[in-house]
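Summary of structural features
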2 protein chains.
Amino acid sequence: VTDRRALRWNGWGPVDQPDPLTGRPGFWALVADAVGATTLPETPAQELETVRLPPPLAAPHLRRLEELLGSEAVLTDRRERAARARGRSYPDLVALRAGDATSAPAAVVLPATTEQVLALLSFAAETGSPVVPIGGGTSVVGGVSGPPWPWIAVDTARMSSVLEVDEVNRTATAGAGIDGPALEAALNERGYTLGHFPQSFRHSTLGGWIAASGAGQQSNRYGRAADWMLRATVATPSGAWRTEAFPWSAAGPRLGSLLVGSEGVLGILTEATVRIRRLPEVRDYRGYIFPDFASGAAAVRSAVQNDCRPAMLRLLDPAETRFLGAVERLGRSPSLTSRVFARVVIARGAGATPCLLIGGFEGGKEEAERSRRDTERHIRREGGIPVGARPGRSWYASRFDLPALRDVLLARGVGVDTVETAGPWSDLSHLKASIGSALERAIAEEAPGRHGLVLAHLSHSYPEGAALYFTFVFPQRLGDEIEQWRRIKQAVSETIVSAGGTITHHHGIGEDHRPWLAAEKGDVGIELLRALKATLDPSGVLNPGTLLPDRVEDR
Amino acid sequence: VTDRRALRWNGWGPVDQPDPLTGRPGFWALVADAVGATTLPETPAQELETVRLPPPLAAPHLRRLEELLGSEAVLTDRRERAARARGRSYPDLVALRAGDATSAPAAVVLPATTEQVLALLSFAAETGSPVVPIGGGTSVVGGVSGPPWPWIAVDTARMSSVLEVDEVNRTATAGAGIDGPALEAALNERGYTLGHFPQSFRHSTLGGWIAASGAGQQSNRYGRAADWMLRATVATPSGAWRTEAFPWSAAGPRLGSLLVGSEGVLGILTEATVRIRRLPEVRDYRGYIFPDFASGAAAVRSAVQNDCRPAMLRLLDPAETRFLGAVERLGRSPSLTSRVFARVVIARGAGATPCLLIGGFEGGKEEAERSRRDTERHIRREGGIPVGARPGRSWYASRFDLPALRDVLLARGVGVDTVETAGPWSDLSHLKASIGSALERAIAEEAPGRHGLVLAHLSHSYPEGAALYFTFVFPQRLGDEIEQWRRIKQAVSETIVSAGGTITHHHGIGEDHRPWLAAEKGDVGIELLRALKATLDPSGVLNPGTLLPDRVEDR
């Protein structure tokens, strides 16, 4: 289980992680060029010792918590509180690096059982203290946004046992606080996997995946949290809730599914039962080049609508194909793949807009091979060309590494954030173009004479449509970083909604997307959410300020 | 669209359907033997003219409805009201046949648009008139249970257009009142199918399938309503609700999924968008014989857990294998199949407990062939033997016919009903044995010296478990039919719940299963249902008496 003390309090990943730029000498030149700058400033983060924190919880309340949970389960020291002051969104990182942990909790508690969480919630309701469940704390949308002092951070790390691996029914039950590596290790040992590998996999938790409605990179094969979550135990201020059992039941609406995307506002997940699958014999990841994004998207659509069952189809747009290729080649002699790649691109006359598709095929040998062959039929039909295993292997090897780069860039005055959406296939090209130009325009307006770099890929696909994922890199306006970001975020969010996309495919609502929730749910939907919230959390202590729009924002 | 005037007002299917016993001379001897009777009484149904009906809605209210909906959309005649007095459960049929339509609506209305339904709901809330949406009216669990007079039956038949078939996104949008054959005809014409074929397919509707959380016979391939329903429009007393769009979104809990299983208590579905698939080139249905139920179930589990992707795997237990085989052979010379069947059964030494598995494989030629080969690998490993296409074809040809037999049996003093459940694979054998003996015991207690016939099959399967479907035939206690049934139903329902099964896998709750809902949902779940109901239907006019338990039954 994640030891938070080994993780950065103000950034991504372990304190002692290797420098991601080792062996990439031209990286800064590439970045400077991307954002139209000649030099990049040094913008180091504040030290923990100088960070501004609110006071800890009053002594009588702390004593009461220690009585309920044990004294080892109640933490108030600077590092523990600062580390949980916020999630890991762009404004979260900017604030923490600037020494602003004023949103930190008044206490961090680590309950070990559902009963302890229930006791804690009674205390919270009595005293009116907001409580925010924290798994990995990796939300990139303000899911851990720090409600008004004195709030209590409920770290789920001690509820992290694997309680059962049921090989007959292919299910596993574990504490909600278990993180990705610990859960997979326990399952892998028995020959199984959950197959949920979001980019945050190393630090995020089972409970967080469900609460944030997560989708792993291989969701084509393994499904999203909405697909693999079968049953949960939830502590709510109105009591413990064990959601429906049974493989399926027509006994009224499936209420347990409401926990997917509930973001800690309806209850605190303490245990979950999930669908598991046999550990694949084969994990075959490969690259394909398309002459443009539209033909690549047509191949993905066609493969998914025709049951080819890949584990993953990830289509990079020309900018992302070019930039990630350039980053990969830094400090390396041109590989066979890059030479093949270049040759193919030239031969196809697709020099201007080549798009790399990473296809992943998993399962038994025969099964993976079959899904690859089936998928490649559609790839070829749309003009895609196989460029071998190297781009696949290279992507696979670094698939969890990108978030750590944000810290490196922020130390040189370069901002980076992501937005993601989903829409029907028929709207995808319009959606992508609108979002791309909204981002470019918003960034340019912020930095006269400079520009941003906007990369996009198709990340998840369904018979009905697909998700688009944008990464944007921009020169920071030093001293005005958060407001600068807010203006860009506002512009792109409005564009997403008006172009017919969802405000989020798998990052969640948190604090950052609240203004756009009502547009998706409608008035009736928002009233239903409020009714659910009022039933489970009548005093409103659970993660206030996330998910639900304020009353005034309603119309 | 279904013309209700062409359907029986007190039974299943068209008025003019052919006698299902034609060409089956030994049928009654077989039935008499099955229930331990020497003779069977004649128990004809009352004629429509003698049926007891409550008065129609008061004239001022009728005039108001005619103003809102048009005079052609408001019906009060005997036949229209009697036909909608109840659904098609066992007690429903018994009551109607006995001339009891005292639960009939005070008026039948046929709104044509969502706006008209909204206007109707305002009228209902103002006047306190209960309203019950009726699609096909085929509920077998008291879903159309007739709340206190004067209730209004809202027939959705006029909201039955196919509004869009979107070939790019593989979705279709239609009025909720469209019935199975009309929807499939419109989709088939374009080369698509929804693939939802419950036994009620010919008469039930899109809205009904969603509201009752239906699962078609081929749900392995096409999914349940919960899987294929993407978006719906719902008229509620609190306004129109368009549920979430988008292939997927992490913007909070997916509220639209609450409509699956909502049984008309949260709103009236007026439109739905569904996932469609290519019409299969091949529909290959075949038989396999297993020496016993456990080995057959092991094969189904293994095939489903290993992604063999059959369209359907339906495993009959020894009693159902034997009885349906006997019915099929009535008045026919022994077919090649039945001879092969007999030979195989003898050769395997499985004379006592042979179980027929019907496997269905659909899709493109290669796809169907592949899924058959993959599935057969697991069938063989568990001792199953292919017995050719005939049992599959024969099942397929008669797959919607069984409900009509109930009317025939009821006319000779023989009752027949079904119960169904689902549980994890590890509990299946215990669940099946417990339910089977509970039914046999309950029937025997009711009819000293006689006995019942209890047939079972595994009907739907998932990686985590499967659904079991029981049909039971029993001699009626004439004059006490409904109470007799109630005692049997009570006994078997208690057994299902205590053996760890769900009270319903795909029939729904209705009036009949209400006492067992709280056991599944828990106190918190029931409070959530009440909160949803109170938000959407504050005056409680929508289908009162179904789904939600009465307050007193809560604990």
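Residues numbered from 1 in each chain as written. Chains lettered and ligands numbered in written order. Predicted model: local features only at pLDDT ≥ 70, side-chain atom pairs only at ≥ 80, totals over all residues. Heavy atoms only, no water.

**As for the environment of B:W395**
All names here are of chain B. Note the threshold: Under the scheme used here, helices are H or I runs from DSSP no shorter than 4 residues and strands are E runs no shorter than 2 residues, and both carry numbers assigned from the N terminus. Any two residues whose heavy atoms approach within 4.5 Å are treated as being in contact.
Position of W395 among the secondary structure elements: in helix α14 (residues 390-397). Between the C-alpha atom of W395 and that of E328, which follows or precedes it by 67 residues, the distance is 9.8 Å. Other than its neighbours up to four places away in sequence, W395 contacts Q217, Q218, Y285, M312, R314 and I358.

**Quick word on the confidence of the model for chain A**
Let me state the cut-off plainly: Confidence scores here are pLDDT values: one per residue, from the predictor, ranging 0 to 100.
Put simply, chain A has an average pLDDT of 94, and 95% of its residues get 70 or more. For this predicted complex, the interface score ipTM comes out at 0.95, alongside a pTM of 0.96.

**Structural notes on the sheet that holds strand β5 (residues 162-166) of chain B**
All names here are of chain B. Put simply, the test is: For two strands to be treated as a pair, DSSP must find at least two bridges joining them. Whenever a helix is involved, its axis is fitted only over the stretch in contact; in every case the axis is a line through C-alpha atoms, and angles between N-to-C directions fall within 0 to 180 degrees.
The strand order β5-β6-β10-β8-β9 describes an open sheet built from five strands, whose pairing is antiparallel. Strands at the two margins of the open sheet, each flanked by one partner only, are β5 and β9 (239-242). Geometrically, the sheet is characterised by an average inter-axis angle of 10° between neighbouring strands, direction not taken into account. Bridge analysis of strand β8 (residues 229-236) against β9 gives four bridges, and the strand direction is antiparallel. Along β9, the bridge assignment pairs T236 with G239.

**Examining the pairing of strand β16 (residues 414-424) of chain A**
Residues and elements named next belong to chain A. Selection rule: Relative accessibility under 20% of the residue-type maximum defines a buried residue, over 50% an exposed one, and the middle range a partly exposed one, all with a 1.4 Å probe and only protein chains included.
Most of β16 is tucked away, with 10 of its 11 residues classed as buried. With 11 bridges connecting them, β16 and strand β18 (residues 465-475) associate as antiparallel partners. The residue bridging E420 from the neighbouring strand is Y469, located in β18.

**A look at the pairing of strand β17 (residues 453-461) of chain A**
All names here are of chain A. Within β17, nine of the nine residues are buried, which leaves the element mostly enclosed by the surrounding structure. In terms of strand pairing, strand β13 (residues 312-316) meets β17 through two bridges, oriented antiparallel. The partner of L315 across the bridge, within β17, is L458. Here β17 pairs with β18 via eight bridges, running antiparallel. When the bridges of β18 are listed, H460 appears paired with A467.

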